[in-house]
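Listed below are the residues making up each chain.
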Amino acid sequence: MVSIHNLHFSYRRKPVFRGLSLELEPGHIYGLLGRNGMGKSTLLRSIAGFLFPQEGEIGVLGYQPRKRQPDFLQRVFLLPEEFSMPPMELAKWVHLHSVFYPRFSRAQFMQAAAGFELPAECRLDEMSYGQQKKVLICFALATNANLLLMDEPTNGLDVVSKSQFRKVMAGFLDEERCIVVSTHQIKDLENLIDRVTIIDEGTILFDQTIDTISERLLFRISYDPGEASTALYSEASFRGNAIIEPNTAGEDSRPDLEMLYKAVMLRSEELNKLFPAKSNQ
Amino acid sequence: MNHQYNQHFSMKRWSSLLALHWAGNRKRYLLSLPAMLGLLVIWEGFLVIMDRYSPLNDGMQAVTYYSGLLAVGTLYGSTIFSDLGSKSKGIAWLATPASALEKLLCALLFAVLAFFVVYNLVFYLVDIPMVELGNRLIERQHRVWAGGYPIEANPVFNVFKGMPGDGLDRGHHIYLCFYFMVQSAFVLGSVYFERFAFVKTVVAVLLCILFFALLEEQVIHATLPNGWNQSLFSEWMSSGDTLRAKAVRLSPVASLVLVGLLIYGTPLVFWTAAYFRIKEKEV
């Protein structure tokens with residue numbers, strides 16, 4: 001669905017990507033993680049065709065994003081972190097924009113809006129930032145775009161809304177669609193994403209599915225200080241030490257994304273060695 | 001083939017884009033109408049009060065008309081792509097599933113065509129009654145010129161008949177074309193400059209004029225033989241050392257083509273440049 005090969009990009013003198021390559025497949029919700037300023041938003045905007053590669057190629061659904069053809073724009077929807085909504089009735093805004101998306105489903109919009117408990121009749125300029133964001137999320141889902149790119153979608157959402165977000169998103173995915181969620185609020189994505197892509201210093205540091213991570217790594221609590229010192233990663237908790245270690249015995253555990261992220265940032269090489277070489281970037 | 005064509009222009013998409021633009025800017029546009037009306041009433045009312053003899057003669061109406069057109073038209077033209085100056089609005093604008101051509105044509109319809117029509121409506125809505133008022137005041141107060149000659153009623157200035165007393169403009173609408181030429185530069189400026197588009201375009205236009213003035217003065221004039229000067233756009237004259245002037249001019253057809261290209265082609269060139277700028281715009 002998305003094929004990025006040898007992507008180079010820089011803002012004036014500040015290089016962002018130096019030969020980044022990545023493949024995104026339909027049927028997945030990707031969690032794009034990374035520190036601030038490491039290029040998550042730049043990557044999403046490059047995929048959506050709003051920034052152009054200075055070297056390398058990006059292909060999305062057989063289109064070149066930079067051409068921004070109407071067909072392409074109907075199939076790829078970017079939910080930006082910064083947005084502005086016009087002073088207009090919600091229903092009118094939805095009507096005016098939905099005509100550009102042939103696969104837009106009003107029923108899906110209403111369903112998602114109900115999930116977020118959005119008011120049916122309200123002016124956009126009278127809504128809070130969080131409510132406006134929910135409108136955009138509902139609209140993005142209802143366009144039935146094949147590729148949905150979401151930049152920090154949970155920013156500005158309260159705790160209840162974050163939970164609603166996960167529920168709404170989980171119901172949207174099917175085999176033909178792909179969702180990429182960029183965030184540094186890793187906890188917000190737990191139980192939602194099925195693939196983790198960590199980006200740092202212009203390259204892909206780690207890119208694995210949740211299933212593979214569960215298969216190869218063991219996340220558990222240890223009361224033995226010796227285990228904590230030999231683990232791939234450990235951090236103290238009230239109940240002992242939360243550790244990550246190679247899953248040599250094939251045990252079941254639930255990956256803690258925040259711990260995984262920290263582990264990757266500290267020991268990416270050792271971690272990547274535990275995964276099949278082909279799927280690593 | 002049809003599918004490819006559809007990627008460049010679809011009437012359905014374009015009309016949806018027009019509706020979207022109107023809905024997003026309706027309030028601003030509707031508020032600017034009374035503002036334009038008010039300014040015209042104040043200015044023409046001032047002229048009627050101040051000029052006892054010939055208030056609002058056709059020359060003054062023409063100056064008012066073209067000054068207003070140029071000022072408001074360029075100001076509006078320089079804001080037509082202002083969304084591209086903001087990351088959040090720019091992404092929303094570029095992400096709307098319509099082609100660059102459709103987006104450009106939508107902007108041109110509002111900034112060039114609709115504005116021109118509305119400006120004319122507003123101008124004549126004020127100008128016709130104000131001219132009538134001026135004429136009535138002269139008639140009722142029995143005003144006469146200093147020598148006792150009667151003051152004739154002022155006609156309403158007709159933009160399509162050209163500038164009063166200017167035969168060239170009557171035939172070719174030079175001033176109108178000049179306006180569209182300058183406004184097209186401001187439309188291009190609005191997509192080219194992310195901030196302060198109006199001011200930056202004014203500076204850019206002035207720099208262009210300075211460049212061509214220097215080119216003419218320092219380069220072209222220097223290459224002409226001694227005593228020769230450029231007379232008109234496509235004519236060079238020399239008084240020589242005798243009293244008989246000599247002239248070299250392009251053939252009428254070549255001259256007409258050149259002038260036509262400059263006057264009618266420049267807006268097309270600037271609009272085309274704006275199209276490619278939209279296509280290449282990154283946010």
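Residues numbered from 1 in each chain as written. Chains lettered and ligands numbered in written order. Predicted model: local features only at pLDDT ≥ 70, side-chain atom pairs only at ≥ 80, totals over all residues. Heavy atoms only, no water.

Let us look at the overall build of chain A. Looking only at helices and strands, chain A has nine helices and twelve strands in total. Taking 281 residues into account, the globule formula puts the C-alpha radius of gyration at 19 Å, and chain A, at 20 Å, falls close to it. If one aligns the C-alpha atoms of chain A with their principal axes, the spans along those axes are about 65 × 45 × 35 Å. In chain A, which comprises 281 residues, the proportion classed as buried is 56%. Sequence-distant contacts in chain A: of pairs separated by 6 or more residues, those separated by 24 or more amount to 69%. (Helix = DSSP H or I, 4+ residues; strand = E, 2+ residues; numbered from the N terminus. Rg over C-alpha atoms; globule rule 2.2 N^0.38 Å. Buried < 20%, exposed > 50% of the residue type's maximum accessible area, 1.4 Å probe, protein only. Contact = heavy atoms within 4.5 Å.)

The next point concerns the sheet that holds strand β4 (residues 55–60) of chain A. Residue and element names in this part refer to chain A. Pairing within the open sheet is antiparallel, and its three strands lie in the order β2-β1-β4. Strand pairing shows two members of the sheet lacking a second neighbour, β2 (14–24) and β4, which therefore form its edges. Between one strand axis and the next, the sheet turns through 25 degrees on average, direction left out of account. Note that strand β1 (residues 2–11) and β4 share five bridges and pair antiparallel. What sits directly across from Ser3, in β4, is Gly59. Lying on the sheet, helix α1 (residues 40–48) is in contact with β1, β2 and β4; it crosses β1 at an angle near 120 degrees. (Pairing = 2+ DSSP bridges. Axes fitted to C-alpha atoms, helices over the stretch in contact; angles between N-to-C directions.)

A few words on the confidence of the model for chain B. For chain B, the average pLDDT comes to 89, and 94% of its residues sit at 70 or higher. Reported for the predicted complex are a pTM of 0.88 and an ipTM of 0.88. (pLDDT = per-residue confidence, 0-100.)

As a further point, take helix α3 (residues 58–77) of chain B. Residues and elements named next belong to chain B. Taking 1.5 Å per residue, 20 residues should reach 28 Å; α3 reaches 27 Å between its end C-alpha atoms and fits that length. Within the sequence span of α3, burial applies to Gln61, Ala62, Thr64, Tyr65, Tyr66, Gly68, Leu69, Gly73, Thr74, Tyr76 and Gly77. Between the side-chain oxygen at the start of α3 and the backbone nitrogen of Gly59 there is a gap of 3.0 Å, and the oxygen is on Asn57. (Expected span 1.5 Å × (residues − 1). Polar contact = N/O pair within 3.5 Å; in protein donor to acceptor, adjacent residues only side chain to side chain.)

We now examine the environment of Phe172(A). All names here are of chain A. Positionally, Phe172 belongs in the loop between α6 (159–170) and β7 (178–183). Spatially, the C-alpha atom of Phe172 lies 6.9 Å from that of Leu141, the residues being 31 residues apart in sequence. With residues near it in sequence (within four places) discarded, Phe172 still touches Leu141, Asn144, Ala145, Leu148, Arg177 and Ile179.

In this complex, chain B contributes 28 residues to the contact, which on the side of chain A involves 24 residues. Per-residue buried area on chain B facing chain A is highest for Gln7(B), Pro97(B) and Glu282(B); these three make up 24% of the total on that side. Taken together, chain B and chain A are joined by one salt bridge. Ionic pairing is found between Glu280(B) and Arg66(A), a salt bridge with its closest N-O pair at 3.0 Å. Seen at the junction of chain B and chain A, the total is eight residue pairs in polar contact (both at pLDDT 80 or more). Broken down by secondary-structure element, the contributors of at least two residues to the side of chain B that touches chain A are α1 (2–6), α2 (11–50), α4 (87–95) and α9 (252–279) of chain B. In terms of residue count, the dominant contributor to the side of chain B that touches chain A is α2(B) (eight residues). Looking at the side of chain B that touches chain A residue by residue, the classes come out as eleven nonpolar, eight polar and nine charged. (Buried area = accessible area lost by both parts, 1.4 Å probe. Salt bridge = Lys/Arg side-chain N within 4 Å of Asp/Glu carboxyl O. Nonpolar A, V, L, I, M, F, W, Y, C, P; charged D, E, K, R; others polar.)

What follows concerns a nonpolar patch on the surface. Residues and elements named next belong to chain B. Side chains of Trp43, Phe46, Ile49, Met50, Met60 and Val63 sit close together on the surface and give an oily, nonpolar patch of about 610 Å² of accessible area. Looking at which element gives the most residues to the nonpolar patch, the answer is α2, with four residues. Relative to the elements of secondary structure, Trp43 occurs in helix α2. Given the relative accessible area of 37%, Trp43 is considered partly exposed. (Patch = residues over 30% accessible without salt bridge, like charges linked within 9 Å, V, L, I, M, F, W, Y side chains within 5 Å. Areas by Shrake-Rupley, 256 points an atom, 1.4 Å probe, with all protein chains shown as cover.)

This brings us to the sheet that holds strand β3 (residues 246–249) of chain B. The strands that make up a sheet are held in pairs by hydrogen bonds between backbone atoms, and each pair lies either parallel or antiparallel. Residue and element names in this part refer to chain B. Overall, antiparallel pairing links the three strands, which are arranged β1-β2-β3 in an open sheet. Each edge of the open sheet is held by one strand with a lone partner, namely β1 (228–232) and β3. Across the sheet, the mean angle from the axis of one strand to that of its neighbour is 30 degrees, orientation sign disregarded. Bridging between β1 and strand β2 (residues 235–238) involves four bridges; their strand directions are antiparallel. Residue pairing in the sheet places Leu232 in a bridge with Glu235 of β2.

This next bit is on the pairing of strand β5 (residues 76–79) of chain A. All names here are of chain A. Both faces of β5 are covered, namely the face carrying Val76 and Leu78 and the face carrying Phe77 and Leu79. Two strands pair when backbone bridges link them, and β5 and strand β6 (residues 147–151) are joined in this way by four bridges, in the parallel orientation. Within the sheet, the bridge partner assigned to Leu79 lies in β6 and is Met150.

In this section: the pattern of salt bridges. All names here are of chain A. The full count for this structure, using the stated rule, is 18 salt bridges over all chains. With a shortest N-O distance of 3.3 Å, Lys262 and Glu235 are connected by a salt bridge. Residue Lys262 is located in helix α9 (residues 257–273), and its partner Glu235 is located in strand β11 (residues 233–237); the two are separated by 27 residues in the primary sequence. You can call Glu235 partly exposed: its relative accessible area is 25%. Glu258 is the partner of Lys262 in a salt bridge, and the nearest nitrogen-oxygen pair spans 3.8 Å. Highlighted residues: Lys262 and Glu258, both in helix α9, separated by four residues, approximately one helical turn. Among the residues examined, Lys262 registers a relative accessible area of 30% and is labelled partly exposed. Residue Glu258 is classed as partly exposed on the basis of its relative accessible area of 28%. Put simply, Arg35, Asp200 and Glu201 are held in one network by salt bridges that share partners.

Two descriptors summarise a pair of aromatic rings, namely the distance from one centre to the other and the angle between the planes of the rings. Residues and elements named next belong to chain B. Counting across every chain of the model gives 32 aromatic pairs over all chains. Feature note: the residues Trp22, Tyr29, Tyr65, Tyr66, Tyr76, Phe110, Phe115, Tyr119, Phe123, Tyr124, Phe157 and Tyr175 constitute an aromatic cluster, connected by ring pairs. Lying over the aromatic face of Trp93, Lys103 brings its terminal NZ or CZ to 5.3 Å of the ring centre. Between Arg277 and the ring centre of Tyr192, over which it is positioned, the NZ or CZ distance is 4.4 Å. (Phe/Tyr/Trp six-rings, centres within 6.5 Å; stacked < 30°, edge-to-face > 60°. Lys NZ or Arg CZ within 6 Å of the ring centre and 35° of its normal.)

Contact pair helix α3 (residues 90–98) of chain A / α2(B): the axes reach a minimum separation of 9 Å and the direction vectors enclose 150 degrees. Considered as vectors, α3(A) and α2(B) are oriented roughly antiparallel to each other. The element α3(A) and its partner α2(B) pack so that their crossing is left-handed. Taken together, the residues of α2(B) that come into contact with α3(A) (itself represented by Lys92(A), Leu96(A) and His97(A)) are Ala19(B), Leu20(B), Ala23(B) and Arg26(B). Among the residues making up the contact of α3(A) with α2(B), the classes are represented as four nonpolar, one polar and two charged. (Parallel < 35°, antiparallel > 145°, perpendicular 65-115°, else oblique. Left-handed = near helix turned anticlockwise from the far one by under 90°.)

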